[in-house]
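Listed below are the residues making up each chain.
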Amino acid sequence: MRRGLKYVPPALLLLALLELTVFVLVGRGVGFGFAVLLVFAASLLGLVLLRREGMRAWRGFRAAVESGQPPGRQVTDGLVGLLGALLLALPGLVSGVVGLLLLVPPLRRLAGAGVRRATERRVSSMVAGDLFGPRRVRVRRGAPQPAPTPQQQPPVTEPGRAIEGEIVEPGR
């Protein structure tokens, strides 16, 4: 993950240039005053939605916890909503459009599913089960595949040499 952090400053610079370019193009098309008013209105709407989405996310999380259900779905939906409202609150036309798109219910569900998949890949299966409930898997019918045969390695005779393998606990 740290390898990706080196791309953040250039990405922010490109985003600022993109925002400025789009603002200038919109300003030329509809007028500078209207473009400023549009950015201001979008930011104001984003601030209002930020509070609403935050309260909605908190209520959904609490309801899931109180009912004994895994809160992961409500948490990811709330995070996507908060991100959409935050992007809308940032001054800029491109970030505002992306923020509005994240608040549209079908796209919000799609983004939430992506966040869930990314979270499930990064945390242990036990934590993912606690957050999102049991995983759903696709089962394909067909002929059973033979189990892979383990390759036999000669016993280690050198003291202090590491052995690769896995620990299997009985009863699990």
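It should be emphasised that the depicted structure is a prediction, and the values quoted were computed from it without experimental measurement.

At a minimum axis separation of 5 Å, helix α4 (residues 93-103) and helix α5 (residues 105-122) run at an interaxial angle of 90°. What the angle tells us is that α4 and α5 run roughly perpendicular. Note on element contacts: α5 touches α4 through Pro105, Leu107, Arg108 and Ala111, opposite Leu101, Leu102 and Leu103. Looking at the contact of α4 with α5 residue by residue, the classes come out as six nonpolar, no polar and one charged.

Attention now goes to the layout of surface pockets. Computed from the structure, the second largest pocket encloses a volume of approximately 190 Å³. Lining the second largest pocket are Arg52, Glu53, Arg56, Arg73, Thr76, Asp77, Leu103, Pro105, Arg108, Arg109, Gly112 and Arg116. When residues of the lining of the second largest pocket are traced back to their parent elements, those giving at least two are α2 (32-66), α3 (72-89) and α5. Among the elements that take part in the lining of the second largest pocket, α5 stands out by supplying five residues, more than any other. By residue class, the composition of the lining of the second largest pocket is two nonpolar, two polar and eight charged.

In this section: the pattern of salt bridges. According to the stated counting rule, one finds six salt bridges in the structure shown. Of the charged contacts in the structure, one is a salt bridge between arginine 56 and glutamate 53, with a shortest N-O distance of 3.6 Å. One end of the pair is arginine 56 and the other is glutamate 53, both in helix α2 and three residues apart, which spans about a single turn. Here arginine 56 falls in the partly exposed class, since its relative accessible area comes to 40%. Ionic pairing is found between glutamate 66 and arginine 62, a salt bridge with its closest N-O pair at 3.1 Å. Note that glutamate 66 and arginine 62 are positioned in helix α2 at a spacing of four residues, about one turn of the helix.

So, about the confidence of the model for the protein chain. Residue-level pLDDT values for the protein chain average 82, and 80% of them are 70 or greater. Within the protein chain, helix α6 (residues 125-132) has the poorest average pLDDT of any element, 72, and α4 the best, 92.

Together, Val30, Phe34, Leu37, Leu38, Phe40, Leu44 and Leu47 make up an exposed nonpolar region whose accessible area comes to about 700 Å². If one sorts the elements of the nonpolar patch by residue count, α2 sits on top with six residues. Tracing the backbone shows phenylalanine 34 in helix α2.

Right, let's talk about the packing of aromatic side chains for a bit. The final tally for this structure, using the stated rule, is two aromatic pairs. Both rings, one in phenylalanine 23 and one in phenylalanine 32, keep their centres 5.8 Å apart while their planes meet at 80°; by these two values the pair is edge-to-face. The class for phenylalanine 32 is exposed, based on a relative accessible area of 58%. Between the aromatic rings of tryptophan 58 and phenylalanine 61, the centroid separation amounts to 5.8 Å while the plane-to-plane angle is 35°, which identifies the pairing as tilted. Here tryptophan 58 pairs with phenylalanine 61, and both are found in helix α2, just three residues apart, close to one helical turn.

With that settled, the discussion passes to the packing of helix α1 (residues 8-30) against α4. Running from amino to carboxyl end, α1 crosses α4 at an angle of 100°, the nearest separation of the two axes being 7 Å. Considering their axes alone, α1 and α4 lie roughly perpendicular with respect to each other. On α4, the residues that touch Leu18, Glu19, Val22, Phe23 and Val26 of α1 are Leu93, Val94 and Ser95. When grouped by side-chain class, the residues that make up the contact of α1 with α4 number six nonpolar, one polar and one charged.

The rules we used
Sequence order sets the numbering: in each chain, residues are counted from 1 along the sequence as written. Per-residue local features of the predicted model are confined to residues with pLDDT of at least 70, and side-chain atom pairs are confined, for both listing and counting, to 80 or more; whole-chain, interface and lining totals are unaffected and use all residues. Based on all heavy atoms of the structure, the side-chain values leave hydrogens and waters out of the count. Lines fitted to the C-alpha atoms define the axes, with helices restricted to the stretch that makes contact. Angles between their N-to-C directions range from 0 to 180 degrees. Secondary structure is summarised from DSSP: a helix means a run of H or I of at least four residues, a strand means a run of E of at least two, and numbering begins at the N terminus for each. Any angle that falls under 35 degrees is termed roughly parallel, while one over 145 is termed roughly antiparallel, one within 65 to 115 roughly perpendicular, and all others oblique. Whether two residues are in contact is decided by their heavy atoms: any pair within 4.5 Å suffices. Residues are sorted three ways: Asp, Glu, Lys and Arg are charged, Ala, Val, Leu, Ile, Met, Phe, Trp, Tyr, Cys and Pro are nonpolar, and all the rest, Gly among them, are polar. Both cavities and pockets are sets of points on a 1 Å grid over the protein atoms alone; in a cavity a 1.4 Å probe fits but cannot get out, in a pocket the set is open with protein on both sides within 12 Å along at least five of seven lines, and lining residues sit with an atom within 4 Å of a point. Grid points are joined across faces, edges and corners, and a volume is the space filled by probe spheres set on the points. Here a salt bridge means any side-chain nitrogen of Lys or Arg lying within 4 Å of a carboxyl oxygen belonging to Asp or Glu. Residue exposure (1.4 Å probe, protein chains only): buried if accessible area is under 20% of the type maximum, exposed if over 50%, otherwise partly exposed. One confidence number per residue, pLDDT, is output by the predictor and ranges from 0 to 100. Without a salt bridge and with relative accessible area above 30%, a residue can belong to a patch; like charges are then joined within 9 Å and nonpolar side chains (Val, Leu, Ile, Met, Phe, Trp, Tyr) within 5 Å. Accessible surface area values rest on a Shrake-Rupley calculation with a 1.4 Å probe, where residue burial reflects the displayed protein chains alone. Under the pairing criterion, centres of Phe, Tyr and Trp rings, with the six-membered ring standing for Trp, must be within 6.5 Å; the plane angle then separates stacked pairs below 30 degrees from edge-to-face pairs above 60, leaving the rest tilted.

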